[in-house]
Amino acid sequence: MIEVTVKKNKIDSCKEEDITKETKPLINYFQKYMSKDGKKADFLPYSHQHETFKRIMNNEEILLTAGTSAGKTLSHAIPLFYKVKDGAIDKILLLYPTRALLQDQKGVMDKLAKEYELEDEVTEIKGGMSRGQVIKALNKKIIIATPDSIYWFFNKNIKYSSFLIYGLAQVDEVVIDEAHLFTGLVLNNLIFLIDRMKKLAEMISKEENSKRGQRYHILTATANESLKNIYKNKDNIDEITGKSNCGNIDLKIINKEDEFSGELFEKSLKEDVVEVDEKLSSVAILNSAKIAHQLFYSNTEGIDTDSLSKEDIERFTINSVKISINKLLENIKEEEKNKEIEELLKSEDSLDVLLDNILVREYLEITKADIELDLNNEQVFAIISDYLEEGYNRFEKVIEQSAREDGDLIDNLEEKIAGDNYVKEIYNSLRIDRDISIYDDKKIVLSKVKTAIDRIKDIFINQIENKEKFTIECKDNYFDIKTIKVVDDKKYFNYSPKLANKLIRELKLKDVKAKDEFEEVFEDIKEVEFEVDIFKEILGDEFDNSWIKEVKVLRYIANWKENKDVLVVLYTGSMSNYVREGLMEFFNQADYKKKILLSTSAVEVGVDFNCDLLITEETNVASFLQRFGRAGRSGKDSEVKLFVSDDSYVKINTSLGDKKQISRGKFTEKIKGIFKEIKGIEDEEFLKAYHYIINQNLGRIGKELNNQLDKNIKDLGDKLRAEVNLNYGLRGTMPSVSLKGGVTKNPFYILRFLGNGDLLDSDSPFEIAYTDKSFDSLIWMSYKDSEDVYVDINSTLKHSKLMFVKEEGMLKPYVREGICKRYEGQFLRKEKSFRDIGKKFVSSDKYQNLEDYDQAMLNYLLTDSYRFVLGFGDIFLHKDSGAVMVEDRRLNIPNQFFLFLAGNEDEQKNYMKWLQENRIFDYGEIIVDDTTYENQLNEEHKGRNPRGIVLLENINGALFYLYKRLINAQKEGELL
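Residues numbered from 1 in each chain as written. Predicted model: local features only at pLDDT ≥ 70, side-chain atom pairs only at ≥ 80, totals over all residues. Heavy atoms only, no water.

Engineer: Quick one: what's the story with the overall build of the chain, residue by residue and with numbers?
Structural biologist: In terms of regular secondary structure, the chain is built from 39 helices and 37 strands. What you see for the chain is a C-alpha radius of gyration of 31 Å, in line with the 30 Å of a compact globule of 976 residues. Expressed as lengths along the three principal axes of its C-alpha atoms, the size of the chain is roughly 90 × 90 × 70 Å. In the chain, buried positions account for 55% of the 976 residues. Across the chain, contacts joining residues at least 24 apart in sequence account for 76% of those joining residues at least 6 apart. Counting every atom, the chain has about 43700 Å² of accessible surface; 43% of that belongs to carbon and sulfur. (Helix = DSSP H or I, 4+ residues; strand = E, 2+ residues; numbered from the N terminus. Rg over C-alpha atoms; globule rule 2.2 N^0.38 Å. Buried < 20%, exposed > 50% of the residue type's maximum accessible area, 1.4 Å probe, protein only. Contact = heavy atoms within 4.5 Å. Areas by Shrake-Rupley, 256 points an atom, 1.4 Å probe, with all protein chains shown as cover.)

Printed below as a string of structure tokens:
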């Protein structure tokens, strides 16, 4: 064990003589905010805080670099709120990298706003808001948001993005908090967003003949040169540095050797907390949420509720508990009261609320009955219209794809339709198959599809006028629609499970049941589970908490087994936001002899707590420094126990030598040289094309910004816009799988633990599937019990839409359905013969008659980098047991870039060696489908994808960067 004391920083407060006329009123607000027990504080702000006050009041942009517990928030908020209150500026925007940090800081902003009498001016912009809500928020003076939420509106549609950017452009000052969390491509995306705001602000300023201009303030734990690109005059920015107000840290560094993290943490918590006879607050921060949840459930028992206040019981149980009507009535033991409550629940008003909280799908799954729907129901008709609109859009795509392929259009089309169950369902149920002729061209086929959809809409309108109905049937394991209508002896929608599923997932029971039917469905819904709050709303003062005593579950608050004096709280990113809400406040305020917070990186930023002991493990350097900053806050001395790998232990031991004490700054520098750094990709070529496309939705502002881009970028953007649908997101473009409670996970991780029967289809662009299983229900599955998830390279190449080839220094996309499969099958597999005759063939007449994409592929085959295939399309997933399926279709990740490194076993080992030596997997933007890739090419991988290695990306643009690096490495002789 290595033991060393990390000494606390010496932090100076500003002096009376430093206070200026402009900052004097700010000192008053600072001291009022810092008051305790109603008594105004008598101390002055830190020197770096006061320096920030001065510069903001002088209308300068600031870059403040300081660790945790350094008062960064008050540094900017106090002067900015003052300027708003004084009328010097009209509006400020506060940007936070995560929702957790935003929620934590909103409490600070609300409290501070009261001091300035601005409490009605604080608002939040978040995804899912209506147009009216966004406009209302933009009219407030203090706006808080995450950049991701703003990007949500870009993804929504143009009506949001244009007025949102216009509204944000009228902001006077912008704060970007914890900016070190924005790196690489994410930071570049943020800068593009800011450029739009700046550009429009300049245009508004010119038109109003004013001096309006936006100022940007960056708060960060660590500064880097890339962050300065946010500033218009970055060379003139003079960085302000501050120190953390943290006490001395007694640090113990332990070699993990081969021990499992869960066992190490459990042993340490028992020895260092549970068995210690003193008042102690401890925090254990693990790298794995799965292990954190396992530790919680295997070492705790139900909390003694006698030690909790009524408010805490209400807060942490009722809001997240569900109970059925039957169970509720069963718990009401008094017979007369039981009957009274049942009658209340059966009333029309009560049923109106209950049925508004039941999806038709839930009702059908319980009753196993059919349900009749009215076509003149507004919601029903809207859902069917959306279904047909989506069907037409999909038809458009498959017709375009079929027309680009070699061979007969109709043959190609039928093959495509067979592989897309959504299109196939509409093709058959609307009887389009009867209308298509082998003599039809693309334009005629598309016209016939549109005619068929218009025809069915006319039929619907006629049926609406006649008040006709149709039935959804409950089959053995799926739902279907009985024929909606027979017209001219033709049956329509006689097999449409996708439409049936869409209807029952989106319709509520209240939407499809008339008032006079409410009472008769009461018996059917008695087994449906409702949120307890629903019953509280219906029953009001009649509701008694004792009726739900049996179902009260304090899921993430417990006592350590056989230790009522030890409180254990679980707080991880694998818990939904509403479940986590209030947990940290409870942990900080709870009066227990000993407290344990089990957590993950979820507490690294935006969560405030004090602890006597921090137990954690080696992670990337940025995360570790955030964790380390959680200990010793507010100047209090603390202890830290750190588990590290054998390699890191040796390096730390060598670096520290015989030192028993070290300053916090020097310790930080040493750790930076030992722990892994998550690097960010700085490449801009693809991102410029990507944002060129986005800018085209923004009217004048978009045109102004796009005029600054060169022709090659514009050409790439135009080609991408015309041919493919790009995923859109500031922080990531890899869709997730959603678990019960709204928790989302990377598909290659979570699908290991889910079977095909657990997956349900999703309409969200941000997820490929969802499941009714919770994260807690999966935590006990070991990796041995799970199945690896990997890319089915054959299907992925077959369904590729673009292949990129580097020509004359630029990446040029070539379009053809299955183009990467064509390159791999028709060219790459015949590389020897083509490369032998290549130059002669290129000058032949036969070459001149080839399509442009075939010419490009042949020329690419003659280069040294011909084995690197950068493609775009749908990524198909597989397990050793078979294809990953969701309901009745193969699961795929749509519209993704992929990099296929083709080669035999030796060539693959060579690729892996280069990837590892160049620390490519340190980039958070680049991922691999099979987690074993990062360590070795195992036998399983060789059997799955023997023809090469597949690399994917978390955010668009990462593989463009890697592809260019590989080409350069090949040119420099770094690869065989």
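Engineer: Describe the sheet that holds strand β23 (residues 638-644), with residues and values.
Structural biologist: With respect to topology, 10 strands assemble into an open sheet ordered β11-β19-β20-β21-β10-β22-β23-β9-β1-β24, the strand pairing being mixed. For this open sheet the edge positions go to β11 (300-302) and β24 (661-663), each flanked by a neighbour on one side alone. Within this sheet the neighbouring strands show an average axis-to-axis angle of 30°, counted without direction. Where strand β22 (residues 613-617) meets β23, five bridges bridge the pair, whose relative direction is parallel. Bridge pairing in β23 places Ile615 opposite Lys641. Strands in contact with helix α25 (residues 621-628) are β1 (2-7), β9 (249-255), β10 (280-285), β22 and β23; relative to β22, the strand with the most contacts, it is inclined by about 170°. (Pairing = 2+ DSSP bridges. Axes fitted to C-alpha atoms, helices over the stretch in contact; angles between N-to-C directions.)

Engineer: Quick one: what's the story with the packing of helix α33 (residues 819-827) against helix α36 (residues 852-861), residue by residue and with numbers?
Structural biologist: Direction vectors running N to C along α33 and α36 enclose 55°, while the axes themselves pass 11 Å from each other. In this view, α33 runs oblique relative to α36, as classed from their interaxial angle. As for how α33 packs across α36, the hand of that crossing is right-handed. Within the contact between the two elements, α33 uses Ile819, Arg822, Tyr823 and Phe827 and α36 uses Tyr853, Asp854, Met857, Leu858, Tyr860 and Leu861. Each residue belonging to the contact of α33 with α36 can be placed in one class, and the counts come to eight nonpolar, no polar and two charged. (Parallel < 35°, antiparallel > 145°, perpendicular 65-115°, else oblique. Left-handed = near helix turned anticlockwise from the far one by under 90°. Nonpolar A, V, L, I, M, F, W, Y, C, P; charged D, E, K, R; others polar.)

Engineer: A description of the packing of aromatic side chains should follow, citing residues and the corresponding values.
Structural biologist: The final tally for this structure, using the stated rule, is 25 aromatic pairs. Where Phe624 meets Phe667, the ring centres are 6.3 Å apart and the plane angle is 65°; that geometry is what we call edge-to-face. Of this pair, Phe624 sits in helix α25 while Phe667 sits in helix α27 (residues 664-672), and the two are 43 residues apart along the sequence. Residues Tyr823 and Tyr860 carry aromatic rings whose centres are separated by 5.9 Å and whose planes lie at 45° to one another, so their mutual orientation is tilted. In this pair, Tyr823 sits in helix α33 while Tyr860 sits in helix α36, placing the two residues 37 residues apart along the sequence. The class for Tyr860 is buried, based on a relative accessible area of 2%. Of the aromatic side chains, those joined through ring pairs into one cluster are Phe686, Tyr690, Phe804, Phe872, Phe897 and Phe960. (Phe/Tyr/Trp six-rings, centres within 6.5 Å; stacked < 30°, edge-to-face > 60°.)

Engineer: Lay out the pairing of strand β4 (residues 122-125) with the relevant residues and their values.
Structural biologist: On any regular strand, side chains alternate: one points to one face of the sheet, the next to the other face. The alternating pattern of β4 places Val122 and Glu124 and Thr123 and Ile125 on opposite faces, both of which are buried. With four bridges joining them, β4 and strand β5 (residues 142-145) adopt parallel strand pairing. Pairing of Thr123 across the sheet is with Ile143, part of β5.

Engineer: Describe the sheet that holds strand β25 (residues 736-738), and please don't skip the residues or the numbers.
Structural biologist: Whenever strands of a sheet pair, they do so through backbone hydrogen bonds, lying parallel or antiparallel. The strand order β26-β25-β27 describes an open sheet built from three strands, whose pairing is mixed. Every other strand in the sheet has two partners, leaving β26 (744-745) and β27 (767-770) as the edge strands with one partner each. Bridge count between β25 and β26: two bridges; the pairing is antiparallel. Bridged to Ser738 within β26 is Thr744.

Engineer: Before we move on, could you go through unusual backbone geometry and cite the residues and values that matter?
Structural biologist: Phi at Glu178 is positive, roughly 45°, even though this residue is not glycine. Summarising the element assignment, Glu178 is placed in the loop between β6 (173-176) and α8 (184-208). When its relative accessible area of 9% is taken as the criterion, Glu178 is described as buried. Backbone geometry places Glu562, a non-glycine residue, at a positive phi of 60°. Along the chain, Glu562 falls in the loop between β19 (557-560) and β20 (563-571). Owing to a relative accessible area of 75%, Glu562 belongs among the exposed residues under this scheme.

Engineer: Account for the pattern of salt bridges, naming residues and giving values.
Structural biologist: This structure, assessed with the given rule, holds 43 salt bridges. When the shortest N-O distance is used, the salt bridge between Lys564 and Glu301 registers 3.6 Å. Placement of the pair is Lys564 in strand β20 and Glu301 in strand β11, with a sequence separation of 263 residues. With relative accessibility at 46%, the residue Lys564 sits in the partly exposed group. Judged by relative accessible area, Glu301 falls into the partly exposed class, the value being 28%. (Salt bridge = Lys/Arg side-chain N within 4 Å of Asp/Glu carboxyl O.)

Engineer: Account for the nonpolar core, with residues named and values stated.
Structural biologist: One finds Ile176, Tyr823, Leu877, Leu951 and Leu962 to be the most contacted residues of the largest nonpolar core, which totals 131 residues. Lining this core are residues from two domains, each supplying at least three of them: domain 1 (9-242) and domain 4 (791-972). The contact partners of Tyr823, leaving out residues within four places of it in the chain, are Met803, Leu828, Met857, Tyr860, Leu861, Tyr866 and Val869. One finds Ile313, Ala558, Val644 and Phe675 within the second-largest nonpolar core, a separate group that totals 71 residues. (Core = buried A, V, L, I, M, F, W, Y, C linked by side-chain atoms within 4.5 Å. Domains from an automatic or database assignment.)

Engineer: Give me the environment of Tyr823: which residues, what numbers.
Structural biologist: Overall, Tyr823 belongs to the buried group, its relative accessible area being 0%. When the C-alpha atoms of Tyr823 and Asp854 are compared, they prove to be 8.3 Å apart, with 31 residues separating the residues in sequence. Side-chain polar atoms of Tyr823 contact the backbone oxygen of Tyr866, separated by 2.6 Å. (Polar contact = N/O pair within 3.5 Å; in protein donor to acceptor, adjacent residues only side chain to side chain.)

Engineer: Give me helix α29 (residues 699-706): which residues, what numbers.
Structural biologist: Looking only at α29, the buried set comprises Ile701, Gly702, Leu705 and Asn706. Mapping the buried residues of α29 onto a view down its axis gives an arc of 125°, with all of them on the same face. (Arc of directions from axis to C-beta.)

Engineer: Hey, could you go over the packing of helix α16 (residues 378-404) against helix α18 (residues 421-429) for me, with residue numbers and the actual values?
Structural biologist: Orientation of α16 relative to α18, taken along the N-to-C sense of each, is 105°, at an axis distance of 9 Å. Considering the angle they form, α16 stands roughly perpendicular to α18. Residues Tyr387, Glu390, Gly391, Arg394, Phe395 and Val398 of α16 touch α18, and the partners they reach there are Tyr422, Val423, Glu425, Ile426, Tyr427 and Ser429. By residue class, the composition of the contact of α16 with α18 is seven nonpolar, two polar and three charged.

Engineer: Explain the state of the cysteines to me, using residue names and the numbers behind them.
Structural biologist: If you walk through the whole model with that rule in mind, you get zero disulfides. Unpaired in terms of disulfides, Cys246 finds its nearest cysteine sulfur in Cys611, a separation of 10 Å. For Cys246, a relative accessible area of 1% corresponds to the buried category. (Disulfide = S-S within 2.5 Å.)

Engineer: Residues and numbers for the environment of Arg829, please.
Structural biologist: With respect to the helices and strands, Arg829 occurs in the loop between α33 and α34 (831-842). Assessed through its relative accessible area of 53%, Arg829 is described here as exposed. A sequence separation of 533 residues divides Arg829 from Phe296, and the C-alpha atoms of the two residues are 53 Å apart.

Engineer: Explain the environment of Asn695 to me, and be specific about the residues and the numbers.
Structural biologist: Residue position: Asn695 is located in helix α28 (residues 685-695). Relative accessible area serves as the criterion here: at 6%, Asn695 is assigned to the buried category. As for Asn695 and Met781, which are separated by 86 residues in sequence, their C-alpha atoms are 46 Å apart. Engagement of the side chain of Asn695 in a polar contact is seen with the side chain of Asn706, the distance being 3.1 Å.

Engineer: Now, about the confidence of the model for the chain: what can you tell me, with residues and values included?
Structural biologist: Parts of the prediction with low pLDDT should not have their coordinates interpreted in detail. Chain-level pLDDT for the chain is 84 on average; 91% of the residues reach the 70-or-more range. Mean pLDDT values for the elements of the chain range from 54 in strand β16 (residues 485-487) up to 96 in β22. Counting contacts from residues 931-937, a segment whose pLDDT is below 50, to residues more than four positions away or on other chains yields 19 contacts. (pLDDT = per-residue confidence, 0-100.)

Engineer: Explain the pairing of strand β35 (residues 892-902) to me, and be specific about the residues and the numbers.
Structural biologist: Among the 11 residues that make up β35, 10 are buried, leaving the element largely enclosed by the rest of the structure. Examined bridge by bridge, strand β31 (residues 868-879) and β35 share eight bridges and lie antiparallel to one another. Bridging from a neighbouring strand, Phe872 pairs with Phe897 of β35.

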